[in-house]
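# Architecture and fold: a report
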Amino acid sequence: MTIRERRRLSRRELVVAAVTIVGGGVALRIVACARDESKAGHATALTLPTAFTEIESLREVGRKYCDLHPEETLDDLLAKLQPKRGYAALDAEIRKQFLTGDVVRVSGWVLASTEARIAAVVALGG
Amino acid sequence: MLVDADDWRDGTTISADLCILGAGAAGVTLAHSLRDTTHSIAVFESGAITTEAPTQALYAGTYSGNIPSVNASYLSGSRIRMFGGSTNLWGGYCRPLDPLDFTEREWVPDSGWPISRTDLDPFYRAASAELGIPTFDAPPEYLADPKYAALFASESLGERLYQFRYVNLGTRHLDDFKASKKTTVYLHANAVDLALNPAGSAIDHVALATLSGKRATARAKLFVLATGGIENARLLLASRGVNPKGVGNDADLVGRYFMEHPCIANLGPLFVWKRLSLSRYDVKVVDREALPGSAPTMGTAMFIAPSDATLRARKLVSVTAQLSLGSTLNGGLNEFDHSVMRAAADLDGETAHGGFVEPERAALAFTSENAPNRESRVKLGTELDPLGVPKPDLDWRLGNQELEAILALAEMLAGVAGNLRLGRARLTPTRDDLLHSVGWGNHHMGTTRMSSDPKRGVVDANCQVHGVGNLFVAGSSVFPTSGAANPTYTILALALRLSEHLRGRLS
């Protein structure tokens, strides 16, 4: 099932995804998990740095990525991100991807694959 | 001395030790560098001191290549037929070819010069003196200032220093030529035939004509063809009185391997965080003279290119990117673009420096080497010009390597920017879009390529036409490969090198 198809259905039924803002937006945690129990192992909290101030922009980028890649389900995104590793590992992966060419084009913008997937998870979470 | 060929007595004969055909960057530099010799020099220039439409129209021809953005107007619009040649309008971009450009690269068929960068270095230094710019032996001192720090330092990317020096070589040397007793510059004098001796081993004389109907003959010990990358080939091919293949064309190479510098200016901008200085890459104006448009007449800028290791590993032709700051190319940021940059600011840690700040925008202008292609060529057309010489038909072709190199460099730049938290790039056009928007540098190269092997080149390492003992070629038509650097600086270096060789031959 694609993200687009999932969007048309009940979010509670298919995806439990929530953005929890703690302390008036100072600390931010994005939680996304899949309905598919077999994939629940990787569906853990994606935590972004508290210094992030441009979440709505990130969400906007994520929406565009989802439109361009409807075949990527939230399960897929989380499986690829492996957010259990923590944000520092994701950031390191982003930097490495820029060098190795593991990038995607979103409306012409050259983004690291992990960067785009983080945005997509934020979009689905919100 | 300056003579107007329109004042010739019809049928006159001019004799000199050295006859130079063409007074552009190569011809003027060569003649001027030999002004202290005791030998007589005759320089024949088709044009005058100012542009004249009937003369310029002699450049007209047809285009039959595979580049959608090029048409027949390229033939007359990419060069100037007057004293000083295209130095009357060039941009003053100076840079030597890179050492790798001179080598035989297995991923670039028909690459390799018979001389090395080291062989040419003394003459590059002489070209710097000719133009009044520093040599390229060491980077300018200002680059050591942290304000000019290298942002894109990485294993995959290197840098290419450019110097800009707008010099009109015709204007600069005109008074010297007027005052010279040994050098005579003939204006309105068109070479229309290179007449070989019966054995075909040397030029016997050159037939000259004016648009006003005068005819003349030039005789000399040595002849230098310096009429530009299209005209050199055209004249050699059209001179079929003794050899039906033309002059120097036994190996069917004259006119082949035409190269330009494919340029792409609309691939996309690079957005760099404002607190980072891009000054290293911007044009640093050293001198600004009162010229139309207040163009800087002397300055420097650092271009970005793949490192040699990357060129080898990825089998790329030479390619450079110029970062132009404050340019309006490629449009501004729309709402989604803002979202991308704002999100990237968070991810790069930029917002931790006091919130989001609009990034600096740098337009990317790419220039690629044109890979040598035997089928890319100047041919003789079916129509004759007003002087009876067949017009040229240009079949300039692009293969895959040029756009691949440009796209690769664009992606490397975008990658390094993301990797080093410098910003992001928006590369919008597709490869097909690029083919339709290919620009060019007005650089005509390769049509009398240099090789030690007569079967692989028209001229030898001394720029002498193989098999024609007293005929030399000056200018970018002798380049076997184009590199990505603008050619004028190398044209001057080769002309100065040829000057040294001719001094020996004349003696």
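This structure is a prediction, so every number in the text was calculated from the model and none was measured. (Residues numbered from 1 in each chain as written. Chains lettered and ligands numbered in written order. Predicted model: local features only at pLDDT ≥ 70, side-chain atom pairs only at ≥ 80, totals over all residues. Heavy atoms only, no water.)

### A look at the overall build of chain B
When helices and strands are tallied, chain B shows eleven helices and 20 strands. A compact globule built from 507 residues would reach a C-alpha radius of gyration of about 23 Å, and chain B, at 24 Å, matches this within 12%. On the principal axes, the C-alpha backbone points of chain B span a range of 80 × 40 × 40 Å. A burial count over chain B gives 61% of its 507 residues as buried. Surface exposure of chain B reaches about 18,300 Å², of which carbon and sulfur atoms provide 50%. In chain B, 48 side chains carry a positive charge and 54 a negative one; their mean positions are 3 Å apart. (Helix = DSSP H or I, 4+ residues; strand = E, 2+ residues; numbered from the N terminus. Rg over C-alpha atoms; globule rule 2.2 N^0.38 Å. Buried < 20%, exposed > 50% of the residue type's maximum accessible area, 1.4 Å probe, protein only. Areas by Shrake-Rupley, 256 points an atom, 1.4 Å probe, with all protein chains shown as cover. Lys, Arg positive; Asp, Glu negative; His and termini not counted. Charge placed at Lys NZ, Arg CZ, Asp CG, Glu CD.)

### Some details on the overall build of chain A
Regarding its fold elements, chain A presents six helices and five strands. Element order for chain A, N to C, with α for helix and β for strand: α-α-β-β-β-α-α-α-β-β-α. Taking as baseline every contact in chain A between residues at least 6 positions apart, the subset at least 24 positions apart corresponds to 60%. Total accessible area computed for chain A in this model is approximately 5,900 Å², and 54% of it derives from carbon and sulfur atoms. (Contact = heavy atoms within 4.5 Å.)

### Structural notes on the packing of aromatic side chains
Tallied over the entire structure, the rule returns 19 aromatic pairs over all chains. Centroid distance W113 of chain B to F479 of chain B: 5.4 Å. Interplanar angle 45 degrees. Geometry classified as tilted. In this pair, W113 of chain B is assigned in the loop between β5 (93–94) and α4 (117–131) and F479 of chain B in the loop between β20 (471–473) and α11 (488–506), connecting sequence segments 366 residues apart. An aromatic cluster of at least three residues, connected via ring pairs, comprises Y74, F258, W396 and W440 of chain B. In this structure, K64 of chain A packs its charged tip against the face of F336 of chain B, placed 5.1 Å from the ring centre. The aromatic ring of Y257 of chain B is capped on one face by R449 of chain B, whose charged end is 4.0 Å from the ring centroid. (Phe/Tyr/Trp six-rings, centres within 6.5 Å; stacked < 30°, edge-to-face > 60°. Lys NZ or Arg CZ within 6 Å of the ring centre and 35° of its normal.)

### Details of the interface of chain B and chain A
You'll often see interface size given as the accessible area lost when the parts meet. Between chain B and chain A, the residue contacts involve 27 residues of the former and 25 residues of the latter. Taken together, the links from chain B to chain A amount to five salt bridges. Of the charged contacts in the structure, one is a salt bridge between R421 of chain B and D91 of chain A, with a shortest N-O distance of 2.4 Å. For the pair chain B and chain A, the interface holds 14 residue pairs in polar contact (both at pLDDT 80 or more). Counting only elements with at least two residues in the side of chain B that touches chain A, the list comes to α8 (335–347), α9 (401–419) and β19 (423–425) of chain B. Counting residues per element, the side of chain B that touches chain A draws most heavily on α8 of chain B, which supplies ten residues. Of the residues that constitute the side of chain B that touches chain A, the class distribution is 13 nonpolar, six polar and eight charged. (Salt bridge = Lys/Arg side-chain N within 4 Å of Asp/Glu carboxyl O. Polar contact = N/O pair within 3.5 Å; in protein donor to acceptor, adjacent residues only side chain to side chain. Nonpolar A, V, L, I, M, F, W, Y, C, P; charged D, E, K, R; others polar.)

### Side note on the sheet that holds strand β17 (residues 377–384) of chain B
Residues and elements named next belong to chain B. If you walk across this open sheet you meet the three strands as β4-β18-β17, and the pairing is mixed. This sheet does not close on itself; its edge strands, each paired only once, are β4 (62–63) and β17. As judged from the five bridges shared by β17 and strand β18 (residues 390–395), these two strands associate in the antiparallel manner. Its bridge partner lying in β18, K379 is registered against D393. Most of the contacts of helix α6 (residues 231–238) go to β17, to which it runs at about 60 degrees, and overall it touches β17 and β18. (Pairing = 2+ DSSP bridges. Axes fitted to C-alpha atoms, helices over the stretch in contact; angles between N-to-C directions.)

### Notes on the packing of helix α5 (residues 87–100) of chain A against helix α6 (residues 113–125) of chain A
All names here are of chain A. Taken N-terminus to C-terminus, the directions of α5 and α6 make an angle of 135 degrees; their axes are 7 Å apart at the nearest point. Taken as axis vectors, α5 and α6 run oblique relative to one another. The segment α5 lies against α6, with Y87, L90, E93, I94, Q97 and F98 engaging S113, T114, E115 and I118. Of the residues belonging to the contact of α5 with α6, the class tally is five nonpolar, three polar and two charged. (Parallel < 35°, antiparallel > 145°, perpendicular 65-115°, else oblique.)

### Structural notes on the pattern of salt bridges
For side chains of opposite charge, pairing can occur when their charged atoms come near one another. In this structure the tally under the stated criterion is 38 salt bridges over all chains. With a closest N to O distance of 3.0 Å, R85 of chain A and E93 of chain A form a salt bridge. Its relative accessible area of 36% is what places R85 of chain A among the partly exposed residues. The class of E93 of chain A is partly exposed, set by a relative accessible area of 23%. The residue D98 of chain B makes a salt bridge to R95 of chain B at a minimum N-O spacing of 2.7 Å. Look at the salt bridges and you will find they share partners, linking D91, R95 and E115 of chain A together with D348, R421 and R424 of chain B into a network.

### Observations concerning the environment of D282 of chain B
Residue and element names in this part refer to chain B. Relative to the helices and strands, D282 is located in the loop between β12 (269–272) and β13 (284–287). A relative accessible area of 28% places D282 in the partly exposed class. Once the C-alpha coordinates of D282 and G299 are considered, the two residues, 17 residues apart in sequence, prove to be 9.9 Å apart. Those residues within four positions of D282 in sequence are excluded, and the remaining contacts are T300, A301 and L325.

### Considerations on the confidence of the model for chain B
Residue and element names in this part refer to chain B. Mean pLDDT over chain B works out to 94, with 96% of the residues at or above the 70 mark. Within the model, the stretch residues 290–294 combines pLDDT values under 50 with three contacts to residues more than four positions away or in other chains. We note a pTM of 0.92 for the whole complex and an ipTM of 0.87 for its interfaces. (pLDDT = per-residue confidence, 0-100.)

### Some remarks on the side chain of H261 of chain B
Residues and elements named next belong to chain B. Inspection of the secondary structure puts H261 in the loop between α6 and β11 (263–264). Among the residues examined, H261 registers a relative accessible area of 1% and is labelled buried. A distance of 2.9 Å separates a polar side-chain atom of H261 from the backbone oxygen of G483. Only 3.4 Å separates the side chain of H261 from the backbone oxygen of A485, close enough to count as a polar contact.

### Concerning unusual backbone geometry
In this structure, Q82 of chain A is a non-glycine residue whose phi angle is positive, near 50 degrees. As for its position among the elements, Q82 of chain A is in the loop between α4 (74–81) and α5. Of note, the phi angle at D110 of chain B is positive, near 65 degrees, even though the residue is not glycine.

### With respect to the packing of helix α1 (residues 25–33) of chain B against helix α5 (residues 169–179) of chain B
Residues and elements named next belong to chain B. Relative orientation of the contacting elements α1 and α5 amounts to 30 degrees, with a least axis distance of 10 Å. As α1 packs across α5, the resulting crossing turns out to be left-handed. Contact residues: α1 offers A25, V28, T29, A31 and H32, while α5 offers L169, H173, D176 and F177. Among the residues making up the contact of α1 with α5, the classes are represented as five nonpolar, three polar and one charged. (Left-handed = near helix turned anticlockwise from the far one by under 90°.)

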